[in-house]
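Below, each chain spelled out in residue letters.
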Amino acid sequence: MNKIKHSQPLMRVEGLSKRYNEADALAVNHINFELAAGEILALLGPSGCGKTTTLRMLAGFEQPNAGRIYLHEQDVTDLPPQKRNIGIVFQDYALFPHMTLLRNVTFAMRHVPKEALTDKAMEWLKLVGLTDYAKRYPHELSGGQQQRVALARTLAAEPKLVLLDEPFSNLDAALRETTRKEMRELFKQAGTSVILVTHDQAEAMTFADKVGVMQQGQLVQLDTPQQVYQNPANAFVAKFLGHTNLLLGQAQGYLAQTPLGSINLNNPHEGEVHLSLRPENLALTPCDDPQAAKVVDRQFRGHDYLYLLEQDGLQYCAITPSYNYFELNSRVALKSTHCASILPD
Ligand code: ATP
């Protein structure tokens, strides 16, 4: 396994841009980022924001109109895919149906001497827990198992970097969560750097060390999942990473006056502020006041309720533990229990 230990970034991307047709807007608009060795980055954003185009440029399947891509500080922008030492796991796994799992894996190991091929391939299958299945064909496996073979095959080529394009989208919810966890552990164990493309915020936050949020071809924020969730760079990021309440406030130091009363701020500020207050930071208490917030909708989600509330013509959302039950149309007092984040202008 290729444990890479370098202080320099594994990958550096500078001003990467792509326009498919003259008349179209930029599909990818001047993206810059660095990826450390062994780091897992998720590129997250809605459909059409340029995630796959970015991945395809990194892999070498698409040529950028501008910008450079460096691997270990070597400029690889003009190199064909096979010269980049980057592995890709596609959405549909792309296993060879007429080959056994073992053969699917050995096929990727061009660098290994013939006599060592089987043993080495079995080591990769062991890593993904599939040694007992080595003689089976892909159609004899579950979706999650096929996903793991695709991963073993990619890792067997010992790439510097693995690119994953929505790799869990064909799996059901339960399998998705376990496969995601297992794959993350495998990558960490192998010290492999990974870039994952997804439109699923929960997937990005649980799988990656860093999350890059894309909006209309631009990388609008790149940070740890906690930072991106707690201190979103703009209203788009705040809304894309789960539910939020966007509020206008008048700030004085660490306090802002808002339609929900006084709210603590994550940073001091003076004057008008746009704020994001997460729904789990809004507490509801029963209240008889007819002017108080009205419960207009309620979704039971197993471990919690998502409430929609209305007060003074404005709507708010709140998430409470599932033992906090409020009738529709009943009145509740709203109070923030944690600070709101200031959204930069
Ligand atoms: P999704 O999550 O739906 O896969 P995405 O974020 O990966 O979306 P891209 O597939 O990178 O987005 O597409 C970015 C933009 O480029 C979109 O407007 C898309 O229509 C356009 N685009 C993608 N591929 C091509 C192509 N081969 N020719 C022309 N336009 C393209």
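Computed from a prediction, not measured in an experiment: that's the story for all the values here. (Residues numbered from 1 in each chain as written. Predicted model: local features only at pLDDT ≥ 70, side-chain atom pairs only at ≥ 80, totals over all residues. Heavy atoms only, no water.)

(A) Molecular detail of the overall build of the chain. When you go through the chain residue by residue, the secondary structure sums to eight helices and 18 strands. Expressed along its principal axes, the backbone C-alpha trace of the chain runs to roughly 80 × 45 × 40 Å. Each of the 345 residues in the chain was classed as buried or not, and the buried ones make up 48%. Sequence separation of at least 24 residues holds for 63% of the intrachain contacts in the chain that already meet a minimum separation of 6. For the chain, the accessible area works out to roughly 16800 Å², and carbon and sulfur atoms hold 49% of it. Between the centroid of the 33 positive side chains of the chain and the centroid of its 37 negative side chains there is a distance of 7 Å. (Helix = DSSP H or I, 4+ residues; strand = E, 2+ residues; numbered from the N terminus. Buried < 20%, exposed > 50% of the residue type's maximum accessible area, 1.4 Å probe, protein only. Contact = heavy atoms within 4.5 Å. Areas by Shrake-Rupley, 256 points an atom, 1.4 Å probe, with all protein chains shown as cover. Lys, Arg positive; Asp, Glu negative; His and termini not counted. Charge placed at Lys NZ, Arg CZ, Asp CG, Glu CD.)

(B) The side chain of Thr154, seen in detail. Secondary-structure assignment places Thr154 in helix 4 (residues 143-156). Among the polar contacts listed, one links the side chain of Thr154 to the backbone oxygen of Ala150, at a separation of 2.8 Å. (Polar contact = N/O pair within 3.5 Å; in protein donor to acceptor, adjacent residues only side chain to side chain.)

(C) Representation of the nonpolar core within the structure. Val105, Met109, Trp124, Leu164, Phe187 and Phe207 are the most contacted members of the largest nonpolar core, which totals 41 residues. The element that contributes the greatest number of residues to this core is helix 4, accounting for six residues. Among all residues touching Phe187, those that are not within four sequence positions of it are Ile40, Leu151, Leu155, Val162, Leu164, Thr192, Val194 and Phe207. Within the second largest apolar cluster, 25 residues are counted, among which are Val28, Leu58, Ala59 and Leu163. (Core = buried A, V, L, I, M, F, W, Y, C linked by side-chain atoms within 4.5 Å.)

(D) Spatial organisation of helix 1 (residues 51-59). For helix 1, the buried fraction is high: seven of the nine residues fall into the buried class. Those residues of helix 1 that fall on the buried side of the exposure criterion are Lys51, Thr53, Thr54, Leu55, Met57, Leu58 and Ala59.

(E) Local environment of the site of the ligand. Residues in contact with the ligand, as listed here, are Tyr20, Asn21, Ala27, Pro46, Ser47, Gly48, Cys49, Gly50, Lys51, Thr52 and Thr53. Within the side chain of Ser47, one N or O atom sits 2.6 Å away from an oxygen atom of the ligand. Between Thr52 and the ligand, the recorded distance is 2.7 Å, taken from a side-chain N or O atom to an oxygen atom. Contact with the protein chains removes 56% of the 630 Å² of surface that the ligand exposes when unbound. Its residues assigned to classes, the shell around the ligand shows four nonpolar, six polar and one charged. (Near = heavy atom within 4 Å. Nonpolar A, V, L, I, M, F, W, Y, C, P; charged D, E, K, R; others polar.)

(F) View of the sheet that holds strand 12 (residues 261-277). Pairing is antiparallel across the open sheet formed by three strands, whose spatial order is 11-12-18. Taken across any chain shown, the strands that pair with only one partner, and hence form the sheet edges, are strand 11 (245-258) and strand 18 (341-342). Pairing of strand 11 with strand 12, which is carried by 13 bridges, proceeds in the antiparallel orientation. Within the sheet, the bridge partner assigned to Gln250 lies in strand 12 and is Glu272. (Pairing = 2+ DSSP bridges.)

(G) Quick peek at the domain arrangement of the chain. The domain architecture assigned to the chain consists of domain 1 (11-240) and domain 2 (245-343). Taking only C-alpha atoms into account, the centre of domain 1 sits 38 Å from that of domain 2. Counting residues at the interface gives eight residues for domain 1, matched by eight residues for domain 2. Both sides of the domain 1 and domain 2 interface together cover about 660 Å² of buried area, and 48% of this is carbon and sulfur. Interface area lost by domain 1 to domain 2 is led by Tyr229, Pro232 and Ala238, which between them contribute 58%. Put simply, domain 1 and domain 2 have zero salt bridges between them. For the side of domain 1 that touches domain 2, the secondary structure elements donating two or more residues are helix 7 (225-230) and helix 8 (235-240). Counting residues per element, the side of domain 1 that touches domain 2 draws most heavily on helix 8, which supplies three residues. Tallied by class, the residues present in the side of domain 1 that touches domain 2 amount to four nonpolar, three polar and one charged. (Domains from an automatic or database assignment. Buried area = accessible area lost by both parts, 1.4 Å probe. Salt bridge = Lys/Arg side-chain N within 4 Å of Asp/Glu carboxyl O.)

(H) Just the sheet that holds strand 13 (residues 282-286), in detail. Ordered in space as 13-17-14-15-16, the five strands form an open sheet in which the pairing is antiparallel. In this open sheet, the two strands that pair with only one neighbour each are strand 13 and strand 16 (314-321). The mean angle between the axes of side-by-side strands here comes to 40 degrees, regardless of whether they run parallel or antiparallel. Across six bridges, the pairing between strand 14 (residues 293-300) and strand 15 (residues 304-311) is antiparallel. For Asp297, the partnering residue across the bridge sits in strand 15 and is Leu308. (Axes fitted to C-alpha atoms, helices over the stretch in contact; angles between N-to-C directions.)

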